[in-house]
Structure formats: structure tokens, C-alpha cells
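# Fold and contact review
Okay, here's what each chain looks like letter by letter:
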Amino acid sequence: MSEDSVVSSEHGMFGVGGTGDTSGFGGLQRLAVPVLESQRPFGGDFDEVVDALEEAYPQFGDAIERVVVDRGELTLHIVPAKIAEVCQVMRDDMALRYELLSSVSGVDYLGTDERRLHVAYQLTSMTYRRRIRLECAVTAQDPHLPSVTNIYPTADWQERETYDMFGIIFDGHPNLTRILMPDDWEGHPQRKDYPLGGVPVEYKGAEIPPPDQRRTYR
Amino acid sequence: MSYAPERETTEGRVFTVTGGDWADVVGAHDPVHDERIVVNMGPQHPSTHGVLRLVLELEGETVTDCRLVVGYLHTGIEKNLEYRNWTQGSTFVTRMDYLAPIFNETGYSLAVEKLLGIVEQIPDRATTIRVMMMELNRISSHLVWLATTGMELGALSMMIYGFREREFILDIFEMITGLRMNMAYVRPGGVAQDVPAEAIKKIKEFLGFMPKRLNEYEDLLSGQPIWLARTKGVAVLDVTGCLALGITGPVLRSAGLGWDLRKTMPYCGYETYQFDVPTSDDADVWGRYQVRLNEMRESLKIIQQCLDRLRPGAIMVEDKKIAWPAQLAMGVDGLGNSLEHIAKIMGQSMESLIHHFKLVTEGFRVPAGQVYVQIEAPRGELGVHAVSDGGTRPYRVHYREPSFVNLQAIPAMAEGGLLADVIAGGASLDPVMGGCDR
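About the thresholds
Residues numbered from 1 in each chain as written. Chains lettered and ligands numbered in written order. Predicted model: local features only at pLDDT ≥ 70, side-chain atom pairs only at ≥ 80, totals over all residues. Heavy atoms only, no water. UniProt positions renumbered as here; feature names shortened; annotations may be inferred. Helix = DSSP H or I, 4+ residues; strand = E, 2+ residues; numbered from the N terminus. Buried < 20%, exposed > 50% of the residue type's maximum accessible area, 1.4 Å probe, protein only. Contact = heavy atoms within 4.5 Å. Areas by Shrake-Rupley, 256 points an atom, 1.4 Å probe, with all protein chains shown as cover. Lys, Arg positive; Asp, Glu negative; His and termini not counted. Charge placed at Lys NZ, Arg CZ, Asp CG, Glu CD. Core = buried A, V, L, I, M, F, W, Y, C linked by side-chain atoms within 4.5 Å. Pairing = 2+ DSSP bridges. Axes fitted to C-alpha atoms, helices over the stretch in contact; angles between N-to-C directions. Salt bridge = Lys/Arg side-chain N within 4 Å of Asp/Glu carboxyl O. Expected span 1.5 Å × (residues − 1). Buried area = accessible area lost by both parts, 1.4 Å probe. Polar contact = N/O pair within 3.5 Å; in protein donor to acceptor, adjacent residues only side chain to side chain.

Labelled according to an unreviewed UniProt entry, chain B appears under the name NADH-quinone oxidoreductase subunit D, originating from Rhizocola hellebori. Looking at the Sequence similarities (unreviewed entry) heading of the UniProt record, one finds this comment for chain B: "Belongs to the complex I 49 kDa subunit family."

The name given to chain A in an unreviewed UniProt entry is NADH-quinone oxidoreductase subunit C, with the source organism recorded as Rhizocola hellebori. In the Subunit (unreviewed entry) part of its UniProt record, chain A is described as follows: "NDH-1 is composed of 14 different subunits. Subunits NuoB, C, D, E, F, and G constitute the peripheral sector of the complex." UniProt annotates chain A under Catalytic activity (unreviewed entry) with the comment "a quinone + NADH + 5 H(+)(in) = a quinol + NAD(+) + 4 H(+)(out)".

Secondary structure summary: chain A contains four helices and nine strands in total. Put simply, chain A runs from its N terminus to its C terminus through helices and strands in the order α-α-β-β-α-β-β-β-β-α-β-β-β. Taken over 218 residues, chain A has a buried fraction of 49%. A separation of at least 24 residues holds for 55% of the contacts in chain A among residues at least 6 apart in sequence.

Within chain B, the regular secondary structure consists of 18 helices and 12 strands. Taking the principal axes of its C-alpha atoms as reference, chain B extends roughly 105 × 45 × 45 Å. The buried share of chain B, taken over its 438 residues, is 58%. Residue pairs in contact within chain B that sit at least 24 positions apart in sequence constitute 68% of those at least 6 positions apart. By element, 56% of the accessible surface of chain B is carried by carbon and sulfur atoms, the whole surface being about 17300 Å². Charged side chains of chain B number 42 positive and 55 negative; the gap between the two group centres comes to 8 Å.

As a rule of thumb, nonpolar side chains are buried together in soluble globular proteins. With 171 residues, the main nonpolar core has Leu-53, Leu-76, Tyr-121 and Leu-134 of chain A together with Tyr-185 and Phe-206 of chain B as its most contacted residues. A total of 11 residues in this core trace back to one element, the largest contributor, which is helix α5 (residues 124-152) of chain B. Ignoring anything within four residues of it in the chain, the contact list for Tyr-185 of chain B reads Ile-102, Glu-105, Ile-129, Met-133, Ile-176, Thr-177, Val-191, Ala-192, Gln-193, Asp-194 and Val-195 of chain B. Val-33, Val-107 and Tyr-109 of chain A together with Val-387 of chain B belong to the second largest nonpolar core, which has five residues in total.

Here the focus is the UniProt feature "domain: NADH:ubiquinone oxidoreductase 30kDa subunit" (unreviewed entry) in chain A. Here, the residues flagged by UniProt with the feature "domain: NADH:ubiquinone oxidoreductase 30kDa subunit" (unreviewed entry) are residues 77-198 of chain A. What you have in residues 77-198 of chain A is 18% helix and 29% strand, and the ends, taken at the C-alpha atoms, are 37 Å apart.

Time to look at the UniProt feature "transmembrane region" (unreviewed entry) in chain B. Summarizing the sequence annotation, UniProt attributes the feature "transmembrane region" (unreviewed entry) to residues 143-163 of chain B in the numbering used throughout. Helix makes up 86% of residues 143-163 of chain B and strand 0%. Its end C-alpha atoms lie 7 Å apart.

Pairing between the strands of a sheet is mediated by backbone hydrogen bonds and can be parallel or antiparallel. Residues and elements named next belong to chain B. Pairing is antiparallel across the open sheet formed by three strands, whose spatial order is β3-β4-β5. Of all the strands in the sheet, just β3 (36-41) and β5 (62-69) have a single pairing partner and so form its edges. Pairwise comparison of adjacent strand axes, ignoring direction, gives a mean angle of 20° for this sheet. The strands touched by helix α17 (residues 419-429) within the sheet are β3, β4 (53-59) and β5, with β4 carrying the most contacts at an inclination of about 150°.

Turning our attention to the UniProt feature "domain: NADH-quinone oxidoreductase subunit D" (unreviewed entry) in chain B. The sites that carry the UniProt feature "domain: NADH-quinone oxidoreductase subunit D" (unreviewed entry) are, in the present numbering, residues 153-438 of chain B. As annotated, residues 153-438 of chain B comprises 50% helix and 12% strand, and the C-alpha atoms at either end are separated by 28 Å.

Moving on, we get to the pattern of salt bridges. For side chains bearing opposite charge, pairing can occur when the charged atoms are close. Residue and element names in this part refer to chain A. Per the counting criterion, the structure on display carries 39 salt bridges over all chains. Of the charged contacts in the structure, one is a salt bridge between Asp-45 and Arg-130, with a shortest N-O distance of 3.0 Å. In this pair, Asp-45 sits in the segment before α1 (46-56) while Arg-130 sits in strand β5 (residues 130-138), placing the two residues 85 residues apart along the sequence. Ionic pairing is found between Arg-133 and Glu-73, a salt bridge with its closest N-O pair at 2.9 Å. In this pair, Arg-133 is assigned in strand β5 and Glu-73 in strand β2 (residues 73-78), connecting sequence segments 60 residues apart. By relative accessible area, Arg-133 is classed as buried at 2%.

Glancing now at helix α4 (residues 155-166) of chain A. Residue and element names in this part refer to chain A. When the terminal C-alpha atoms of α4 are compared, their 15 Å separation across 12 residues agrees well with the 16 Å that a helix rising 1.5 Å per residue should span. When you tally the buried positions in α4, you get 11 out of 12 residues, the bulk of the element. By the burial criterion, the buried members of α4 are Ala-155, Trp-157, Gln-158, Glu-159, Arg-160, Glu-161, Thr-162, Tyr-163, Asp-164, Met-165 and Phe-166. One or two positions beyond α4, positive phi appears at Gly-167, with a value near 75°.

As a further point, take the interface of chain A and chain B. Taken together, the contact pairs 61 residues of chain A with 57 residues of chain B. Interface of chain A and chain B: buried area, both sides summed, is about 5400 Å²; carbon and sulfur atoms make up 56% of it. Linking chain A with chain B are three salt bridges, by the criterion used here. Between Lys-192 of chain A and Glu-82 of chain B there is a salt bridge, with the nearest N and O atoms lying 3.0 Å from each other. Where chain A meets chain B, there are 21 residue pairs in polar contact (both at pLDDT 80 or more). Put simply, the parts of the chain that give the side of chain A that touches chain B at least two residues each are β2, β3 (100-108), β4 (117-125), β5 and α4 of chain A. Considering each element in turn, the side of chain A that touches chain B owes the most residues, eight residues, to β3 of chain A.

Okay, here's the thing in C-alpha cells:
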């Protein structure tokens, strides 16, 4: 694990800071997720993987934004337009051989990153028994990414779910429709700015507030 | 004047109604080969394992096109997690794949522990209990598969036997956790409570009779002509197809690739257990049946080894800033806080009371970052992508559910085959819609 991977430290008992408010009226607070970047050597066989990709993929310098090694996991941040090309190399190069795309999912870093919508691709190499994460970041105004369904057909439903939940548009996907939410649903529920509903209760018109507005112990 | 030719019969006058070019229209179509109909199967259908909907285009009895519609059981568990603390997450994730709750919990707990950096600190006893519970759960899940698939393919008695033995495992779960399903037993840091002595006795009893019962199932099904006809050469999917579609678990192993995360990327100390990874070369429903049946036998071996190495000790991580403060005990009204713990926090230790209060109301903080943890669930790779912003609640948790990913294989298996084989092929994937839709 690299030095800068230690990004949060406990301070005081259970991390009480500022006023030490224990009333709960402070409400739910989301912290800014820090941006990490690791330098060589990455440790383990991570250097080997990055070297192999650099050798097999001539546009490595333009496509890789940064490399992060955290908690024993390697993450490559990829320029969104290049993700399909990188996946193709990751799958086909004999020194990489990431045959299985385990998972595609999104994360919304609202308020932390201007390109707030991230897509994480978890790749597994069965030959070398390695895992790697590729991550792309796009803005909510232009949430376009090339689809990787041509390379990994398993991405079909997983990209549809990511579109459904985050509104990320995968260009070239054969059938990018909603999958878990109803077809006529509006909005993308996993976005952090998606409005949450409260629950009306039968007492003098009261309403249980939505979860993000409740009195809460931080 | 009559509009149609008529003739007198003993039943009365019969009109033969024709008109226009109707005869030509009918004659131009071959009723056997051109008849395409679209059938909607599900979402309420006994053999779609919950609320799965299949839109099938049929030509006679042959399926020419198959599309799946999922999402009927979407309950927003991943979104809900973001507004509860990390410990409460166990209670949510256990409800995803309701046939494999222990796997959902363990995957989640391993992810949270990796984020916290306490993987090394989990007590041996807790890890052994997790492995034992996972393997019991694997057997109970495979039993439901065997029972329901048997029922769908016409072996009704298999359903009764499968559920009978599963019930025994659920009784063991109830003894250990207090609940039959959705137990929230595996928690970040360890497990909720220790295994009582009578449960160990019951597990030993189970290990005693189960091998014989598995042989009985095999005697019941394996030589049965109908069972053979319904499974052999049905819904074939080879290794290439599996990898392209991301299919893992028994379906991949039935195609001949012995990829089992317990062996290939071990977790929870699986590398220290003696067991084999059953495979088959058939790549069909029969192969998946063989693989699952043999996996149950291997799970029994692992459970025996767990019992042998179960030593007294802690079941929750030492760190008092993380460990759930309760000591649960079974009371007359079910599982609850033990009287000793209440006496301690209310009467003896102020610090224990503070810990209890802070952990229960606020929860522990998890350093910012993201991890992906994958474990071998009964249906394949269960992956947990957990992201923390450094706070007391998950920032994002995504489950890579094997049911969700594996269901994509149904069109590849079904198209070109018979309608009846859609049932066999779909069942052989063992989808659980609670997991698929989350």
C-alpha cells in the first residue's frame, strides 16, 4: 500500500470534530472523497501489469489518466473515449489476458469531482489470477462512454443497469434501455442528487422526512 | 340465395364459410413452419423461479427468439444501504439472494473489513464459523435447486426430499443465528454470536445422514429415462460462451473449466481446507446436475474440517472501536442482548456504555477508498464493490450478482431449442430473482 493511500485518520474518540455535535440535528454529511494517485513502484505484480499494458498499447500515455494502488488493489483511470480500446488490449494481449469482465458499476462523486459520474470495470484474469479495476469519469452534462459489449458481451446487462441507475450513456450498446426500473421511470435513482421521498404519517399531517434530511448522527 | 355452400347432414344443415381470397392467403402459408407466435412466460409462472419474464417467439415448438425482462423484484437495496451505517448493511444485503444469505453477508463483511484494514485481525473462530455457515448454506441452496429443478422436469418426489433436508439445515441456522433466513449473522468484524453446543450436535447429525441421502437422490434421478431425456444435451453452453457472457459457478464448471474462487483466489482460509472442485465436460443440464450434486459432497467434507478445527475463542474483532458492542444471547422471546452485557454497561463500565451508545447510534468510521471483493457463491462469483467517503455510512455498495449476470445466458441456451427445454435451461442456471433485481 502506498503512502498516500492513508486518506482518513481518526481524530478524537469516534472522530468527533468541530462542535462535537451529538444532537443529530447536523444531519447526514457526506465527506469529500480524496483523489489518489500512486507512483512507481506500485508493488506486487502491479508494475508488471502496467508495463505489459504500456508495451501492448501504444497510446498508453494518452489513455491512462492516473494509476492508483490502494488496499492491495490496482486501479487505472482511463480517458473515457479510450475505454473500449483499453479493454480490447486487456483481453487480448498474451501478457495481460483479462478474460472475464466481472462487474461494471457506477459511482456518483457529487461535489467532489467535476466529472462526477464514475464507471468501474472489474476485470479478472483467470490465466494469471489477477484482478484490476478500470475507472472512467464523465460529467453529468455529457455522460457518454463507448460500450464494451463488443469485447465483453457480459457487459450488456451491466451497462444497462449503470445507464438505468446513473444515466450514463454507453455509445454502441445494442439495446440501452432500463433494466431494473420500469421503462417509463424518470430520473436515475443512484445519483446522489436524486430526490428521496418521505413517508406521510397519519398524525396532524406530519411526514417522516426523506433519509437524507432526517436527524442523524453524522 | 345462399352466401356459402351448404349441405344437409344428419346433424342438420352445414355451411362451409369461405370468401374472397382467404383460401389463397391460407394456402400461401405453411401452417407448420411459418406459424410464429409470441408467448409471454412469466413474470408469474411457477417455473421461472420467482418473477422472471421471458418473451419467447415460437415457430411451432421451437424457440426462435428469447428476450428476458427483469426488475420486478427491484427493491433498491443498494441505495438503501447508503443511508444506514456500515453494520446495518448486513441486514439489507442478506435479503438480496434469499437462498444464499450467508454469502451476501460474508461478501459484504469481507469488503468492509478490507476497507477498514482489519482483515488480519478477524479471529480464527469467526472465520471458521463463516466457512462452516457458507458451506451449510451452499448445500441448502443447491438442495433448493435440485428440488425445484426436479419438480419442473417431472420428478415431483425430489422436491419433497430436497426441501426436507433443506429444512434440517434451516433448523441449524435457526439454532445458531435465531433465524431461518435473512439472518444478518455475519457482521463486519466477525459474527453476531457464538455457535451453541446443541447446534454442533445437530451439524454432526446432519453430516452423519447426508452422504447417504445424496446417494439416494442420485439413485432416484440419475438412471431415470425421463430425467436423462430432459437433461442430456439440453441447453448446452461451452466454456467460450460462458466466459463471453460472464457465466461463473457450477455452469462454468459444468463446461469443464474448474474455476472456483475458493481454490483460485482463496479467501477466509479456504486454501487450508481439503476439497476438490467437481467439474464435468458435458456443458449441459446433466453436467450442471452432476457438478452441484458433487459440490454438496465436497461441502460436507469442508464442514467436517470446520468442526475439527473449531477452537474456543473470540468471534468478534478485538478493536472496541469497531466490534459490535452487544453480546447476544437467546432469551425466552428470541435473540437479544445478554443480561450480563446490560448489567455491565448499565452498572459497571462507563466506557462500555459510551462505546455501546456511539457504535449503535453513530457507527464506526471507515477510511475513504474503494474495494472489490469476490467470493464463490452457490451461483458463481459474488462481487462486492464498496466505496467509502470516510464516514459512518457506505458511500456506494454494488453487488455483482451471479443470478443477474448468469441470466444473460438464457437466450444463448434457449434459441433454436424446444420450448420445454427453456425451462430446463433456465432452471440449470439456478437464478434467484431477489439477487438478480436487488
